[in-house]
Amino acid sequence: MSYEIKVEDVEYIRHGGTGYLATLYRPQGAGPFPMIVELHGGAWCRSDRHGDKVIHEALAKTGVVVAALDWRQPMAGPGYPASFQDIHYGIRWLKSRAADFRSRADLVGSMGNSSGGHQAMLLAMRPFDARYSALPLAGAPGIDATVKCVIMTSPVIDPLGRYRYAKDLKAKGQPYPPLVDEVLPCHDAYWKTEEAMDEGAPASALERGEKMQLPPVLYLQGTEDAAHPRPHLDRFVAAYRKAGGVVDLELFDGEGQGFIMRKVGSPSSDRALDMIVEFVHKQIR
């Protein structure tokens, strides 16, 4: 079944004179519909909530409310963990208003691309972290930020590993990939220190024995993705599964970074979108 969708922007949080928006993709029907909170990529510092529109529309047309968030970014605000505080608040805000969107508070999952995938995953694992839940939601103190599932497309799953990978490439001198100069300033601006990057690495937290939530995960990545090194993926998947979590991992042969959005209509992009849709409807019902 394909739904007509309504798209609208709503301000979900304000810091000083700046409001931050969620773009809501709302299926037009009775519901209750699953809801996915979607987080864009951009190395924690760039891009906006429109970056993954292809995924938003594909999901919404199958009967999923999608809320794509903007949040504070360090080029115009504070670094870690500010974005986690905004996203944590956003999930609770959406849950508190779920009935208005023809969803329910117990039908919410999260998803992210690149650095957004990292944020979705770490926040899902640490929904009760006092640093992330620091912004109170007026009128709804009992609502938490737990999610039913997480979808990651080419996540920066190991911030410290990716930082050192990019620094090593730069140290070898030109020619090196453009991603080096694109991501290193963002890592520095957002995380400030290598210690913070490691503290915010999901696999590191699991290996330290941190007690975490382990929602089911769908992990999609191309085998030729030079921006998200394969060893980081393997380390996270092994740690998550060892801790008792379930990861559905799908690798797309020959595909590089961002293939879902950059190669719309290709067999790989279409297959990835189908897998995302199927996973959401399986996990959130």
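This is a predicted model, so every value here is computed, not measured.

Describing the overall build of the chain
- Regarding its fold elements, the chain presents 10 helices and eight strands.
- In terms of C-alpha radius of gyration, the chain reaches 18 Å, essentially the compact-globule figure of 19 Å for 285 residues.
- Summarising its shape, the C-alpha atoms of the chain cover approximately 55 × 45 × 40 Å along the three principal directions.
- In the chain, once contacts between residues fewer than 6 apart in sequence are set aside, the share between residues at least 24 apart is 77%.
- As displayed, the chain has an accessible area near 11,700 Å², and 50% of this comes from carbon and sulfur atoms.

Side note on the sheet that holds strand β6 (residues 150-153)
- In spatial order, the strands read β1-β2-β4-β3-β5-β6-β7-β8; together these eight strands make up an open sheet with mixed pairing. In the strand order of this sheet, the two ends are held by β1 (5-15) and β8 (247-252), each with one partner. Along the sheet, successive strands turn relative to each other by an average axial angle of 20°, direction set aside.
- Pairing of strand β3 (residues 33-39) with strand β4 (residues 65-69) involves five bridges; the strand directions are parallel. Along β4, the bridge assignment pairs Glu38 with Ala68.
- Of the strands in this sheet, β6, β7 (217-222) and β8 touch helix α8 (residues 230-242), which is tilted by about 160° from β8.
- With respect to the sheet, helix α10 (residues 267-283) is in contact with β3, β5 (103-113), β6, β7 and β8, its orientation differing from that of β8 by roughly 170°.

Regarding the environment of Pro267
- With respect to the secondary-structure elements, Pro267 resides in helix α10.
- Considered as a pair, Pro267 and Pro229 are 38 residues apart in the sequence and their alpha carbons are 23 Å apart.

Topic: the pairing of strand β2 (residues 18-27)
- Across the 10 residues of β2, seven count as buried, placing the element largely inside the fold.
- Joining the antiparallel neighbours β1 and β2 is a turn of two residues, in which Gly16 adopts a positive phi near 60°.
- Two elements, β2 and β4, share four bridges in a ladder whose sense is antiparallel. Its bridge partner lying in β4, Thr23 is registered against Ala68.

Procedures and definitions
- Residues numbered from 1 in each chain as written.
- Predicted model: local features only at pLDDT ≥ 70, side-chain atom pairs only at ≥ 80, totals over all residues.
- Heavy atoms only, no water.
- Helix = DSSP H or I, 4+ residues; strand = E, 2+ residues; numbered from the N terminus.
- Rg over C-alpha atoms; globule rule 2.2 N^0.38 Å.
- Contact = heavy atoms within 4.5 Å.
- Areas by Shrake-Rupley, 256 points an atom, 1.4 Å probe, with all protein chains shown as cover.
- Pairing = 2+ DSSP bridges.
- Axes fitted to C-alpha atoms, helices over the stretch in contact; angles between N-to-C directions.
- Buried < 20%, exposed > 50% of the residue type's maximum accessible area, 1.4 Å probe, protein only.

Purely geometric numbers; function is a separate question.
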